[in-house]
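A structural walkthrough
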Amino acid sequence: MVVEVPQGPIPVEFDGETGMMRQAKPEFRERHEAAVMAPMLGVEAGEIVGPVENVSTGRPNVIVMLKTMAAMKKVKVDWGKLTAYFAGGDAQRGIYLLTQETMEAGSAVHARKLTPRLEDPATGSAAGCAAAYLVKHGVVKSGEVVKMEQGHLMGRPSELLLSAVKRGGGEVDEVRVGGKSVLVLEGKVVAKG
């Protein structure tokens, strides 16, 4: 099936109960210094590993790789300073934090998606950006489908599957994200009048 969204059509394939969506070819945009980003995230610069990079597969996210789960847990974003810092740069949709220290066996990476208003327990659009980043920087093998966990620190553990392919020239594409979903809320809208 194809899901129509403002960023364009997203093809989704199913294998039993597992769906995998193919996201747009990744764009690697601005990079940011760990020493500049760390104070705005409430961590030490040495707790950030790899480049801090804005990546888009349709919805741009700033990817920040942290060394440890301890660093992940202590993140406290100063949204005023972060918003002012990003005001003159690339469009972005928030911070997507990653660490290779995980809470569940079999997970390749743990993630947190932070925005000024909320924390998301499972973020397919940002996971595509993470897949491209992880493959580009050699954290995950090209073409390998890995499990990423998210939502644990907010009491809503989730699991996403992701992969991307790195071509001979270093170009990353074929970004796929998926998993299974469960119904968590149901509602009815009633018009007054």
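Residues numbered from 1 in each chain as written. Predicted model: local features only at pLDDT ≥ 70, side-chain atom pairs only at ≥ 80, totals over all residues. Heavy atoms only, no water.

Comments concerning the pattern of salt bridges
Across all of its chains, the model carries eleven salt bridges by this definition. Note that Glu53 is salt-bridged to Lys136, the shortest N-O span being 2.9 Å. With Glu53 in strand 5 (residues 48-56) and Lys136 in helix 4 (residues 124-136), the pair connects residues that are 83 residues apart, well separated along the chain. In this structure, Arg112 and Glu119 form a salt bridge, with 2.8 Å as the shortest nitrogen-oxygen distance. Each of the salt bridges in this network shares a partner with another, and the network as a whole consists of Arg31, Glu53 and Lys136. (Salt bridge = Lys/Arg side-chain N within 4 Å of Asp/Glu carboxyl O. Helix = DSSP H or I, 4+ residues; strand = E, 2+ residues; numbered from the N terminus.)

A word on the side chain of Ser56
In this structure, Ser56 sits in strand 5. Of the polar contacts made by the side chain of Ser56, one reaches the backbone nitrogen of Gly58; its length is 3.1 Å. (Polar contact = N/O pair within 3.5 Å; in protein donor to acceptor, adjacent residues only side chain to side chain.)

Here we look at a nonpolar patch on the surface
On the surface, Met1, Val3 and Phe14 cluster together to form a nonpolar patch covering roughly 320 Å² of accessible area. In this fold, Met1 is placed in the segment before strand 1 (2-5). (Patch = residues over 30% accessible without salt bridge, like charges linked within 9 Å, V, L, I, M, F, W, Y side chains within 5 Å. Areas by Shrake-Rupley, 256 points an atom, 1.4 Å probe, with all protein chains shown as cover.)

What to know about helix 1 (residues 34-41)
Among the residues of helix 1, those classed as buried are Met37, Ala38, Met40 and Leu41. The inward-facing, buried residues of helix 1 abut strand 4 (27-32), strand 5, strand 6 (61-66), helix 3 (79-86) and strand 7 (95-99). Looking at the residues trailing helix 1, positive phi occurs at Gly42, about 75°. (Buried < 20%, exposed > 50% of the residue type's maximum accessible area, 1.4 Å probe, protein only. Contact = heavy atoms within 4.5 Å.)

Let's talk about the packing of aromatic side chains
Across all of its chains, the model carries one aromatic pair by this definition. Taking 5.1 Å as the distance between ring centres and 65° as the angle between the ring planes, the aromatic pair formed by Tyr85 and Phe86 counts as edge-to-face. With relative accessibility at 6%, the residue Phe86 sits in the buried group. Positioned above the aromatic ring of Phe28, the side-chain terminus of Lys136 is 4.2 Å from the ring centre. (Phe/Tyr/Trp six-rings, centres within 6.5 Å; stacked < 30°, edge-to-face > 60°. Lys NZ or Arg CZ within 6 Å of the ring centre and 35° of its normal.)

What to know about the nonpolar core
In terms of nonpolar packing, the biggest core is built from 28 residues, with Tyr96, Leu98, Leu134, Met148 and Leu162 touching the most fellow members. Going through the elements one at a time, strand 2 (8-15), strand 6, strand 7, strand 8 (107-114), helix 4, strand 10 (146-150), strand 11 (158-166) and strand 12 (172-179) are the ones with two or more residues in this core. A per-element tally of this core places helix 4 first, with nine residues. Excluding anything up to four places from it in sequence, Met148 contacts Tyr96, Leu98, Val109, Ala111, Ala127, Ala130, Ser158, Glu159, Leu160 and Leu162. (Core = buried A, V, L, I, M, F, W, Y, C linked by side-chain atoms within 4.5 Å.)

Examining the environment of Val145
Note on placement: Val145 falls in the loop between helix 4 and strand 10. In the structure, Val145 is positioned 46 residues away from Thr99 in sequence and 17 Å away in space, judged by C-alpha atoms. Excluding anything up to four places from it in sequence, Val145 contacts Leu161, Leu162, Ser163 and Arg176.

Comments concerning the environment of His137
Tracing the chain through its elements places His137 in the loop between helix 4 and strand 10. With 29 residues separating them in the primary sequence, His137 and Lys166 have C-alpha atoms 9.9 Å apart. Once residues lying within four places of it in the same chain are set aside, the contact partners of His137 are Arg31, Pro51 and Glu53.

Let's talk about the side chain of Thr115
Mapped onto the elements, Thr115 comes out in the loop between strand 8 and strand 9 (119-120). On the accessibility criterion, Thr115 (19% relative accessible area) is buried. A polar contact of 3.0 Å, which involves the side chain of Thr115, links it to the backbone oxygen of Leu118. Non-local contacts of Thr115, meaning those with residues more than four positions away in its chain, are made with Trp79 and Arg93.

Quick notes on the confidence of the model for the chain
Residues with a pLDDT of 70 or more make up 100% of the chain, whose mean pLDDT is 91. Ranking the elements of the chain by mean pLDDT puts strand 1 last, at 84, and strand 10 first, at 97. (pLDDT = per-residue confidence, 0-100.)

Quick word on the pairing of strand 6
For strand 6, a buried count of six out of six residues is recorded, marking the element as mostly surrounded by other parts of the structure. With burial as the criterion, each face of strand 6 is covered, one bearing Asn61, Ile63 and Met65 and the other bearing Val62, Val64 and Leu66. Pairing between strand 5 and strand 6: five bridges, direction antiparallel. From the neighbouring strand, Glu53 faces strand 6, where its bridge partner is Ile63. Here strand 5 folds back onto strand 6, and the loop between the two strands holds four residues, one of which, Gly58, carries a positive phi near 130°. Pairing of strand 6 with strand 7, which is carried by five bridges, proceeds in the parallel orientation. Opposite Leu66, over in strand 7, you have Thr99 as the bridge partner. (Pairing = 2+ DSSP bridges.)

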